[in-house]
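Spelled out from the first residue to the last, the chains are:
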Amino acid sequence: MKKGIILYVVQGKEDVPLKTGGELAQTAKSLGVTKVFVASSEEEATYGWMFLITRGIQQVLFMSVGYNAAEDRFETLGAPLRLCG
């Protein structure tokens, strides 16, 4: 089963750089999923959900994260929530 995750940035939104496909692939691998979508608003999170489903992802997870600009990484702020699948 293909899994995807939406990382909803709630802290450090203004510092999140545009990530390349390779960087997001590395993030996905570290989280144990196939695809990652980074969202900083509710509209982007909704778009990300549809984006993942239309790309063949069968299980979509949602997680609130903060972005640490000094270390250039996302920090989890809670457990992942399953949206579908």
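Residues numbered from 1 in each chain as written. Predicted model: local features only at pLDDT ≥ 70, side-chain atom pairs only at ≥ 80, totals over all residues. Heavy atoms only, no water.

## Some thoughts on the nonpolar core
Put simply, the rule is: Here, the term nonpolar core denotes a set of buried Ala, Val, Leu, Ile, Met, Phe, Trp, Tyr and Cys residues that are joined through side-chain atoms within 4.5 Å. Remark: exposure states derive from per-residue accessible area (1.4 Å probe, protein chains only) relative to the maximum for the residue type, with buried under 20%, exposed over 50%, and partly exposed in between. Only runs of H or I of at least four residues qualify as helices and only runs of E of at least two qualify as strands under DSSP, and these elements are numbered from the N terminus.
Membership of the largest hydrophobic core is limited to twelve residues, which are I5, L7, V9, L24, A28, V33, V36, L61, M63, V65, Y67 and F74. Those elements that place two or more of their residues in this core are β1 (3–11), α1 (21–31) and β3 (59–68). Sorting elements by how many residues they give to this core places β3 first, with four residues. Formed by eight residues, the second largest nonpolar core is a distinct cluster that contains F37, A45, L52 and V60.

## Regarding the packing of aromatic side chains
Convention followed: Under the pairing criterion, centres of Phe, Tyr and Trp rings, with the six-membered ring standing for Trp, must be within 6.5 Å; the plane angle then separates stacked pairs below 30 degrees from edge-to-face pairs above 60, leaving the rest tilted.
Summed over all chains, the structure comprises five aromatic pairs. Three or more aromatic residues joined by ring pairs form one cluster here, namely F37, Y47 and F51.

## Looking at the pairing of β3
For the record, the criterion: Pairing between strands requires that DSSP locate at least two bridges from one strand to the other.
Within β3, eight of the ten residues are buried, which leaves the element mostly enclosed by the surrounding structure. Where β1 and β3 come together, eight bridges link them in parallel fashion. Its bridge partner being in β3, L7 is matched across the sheet by M63. Pairing between β3 and strand β5 (residues 81–84): three bridges, direction antiparallel.

## Things to note about helix α2 (residues 42–54)
Short version of the rule: To estimate how far a helix should extend, the number of its residues minus one is multiplied by 1.5 Å. Note that the arc is computed from the directions linking the helix axis to the C-beta atoms. Note on contacts: a residue pair qualifies if any of its non-hydrogen atoms lie within 4.5 Å across the two residues.
For α2, built from 13 residues, the straight-helix expectation of 18 Å at 1.5 Å per residue is met to within 8% by its first-to-last C-alpha distance of 19 Å. Within the sequence span of α2, burial applies to A45, G48 and L52. Here the buried residues of α2 occupy an arc of 55 degrees about the axis, which is enough to place them on one side. In α2, the exposed positions angled more than 90 degrees off the buried face are occupied by E43, T46, Y47 and T54. Packing partners of the buried residues in α2 comprise β1, β2 (35–39) and β3.

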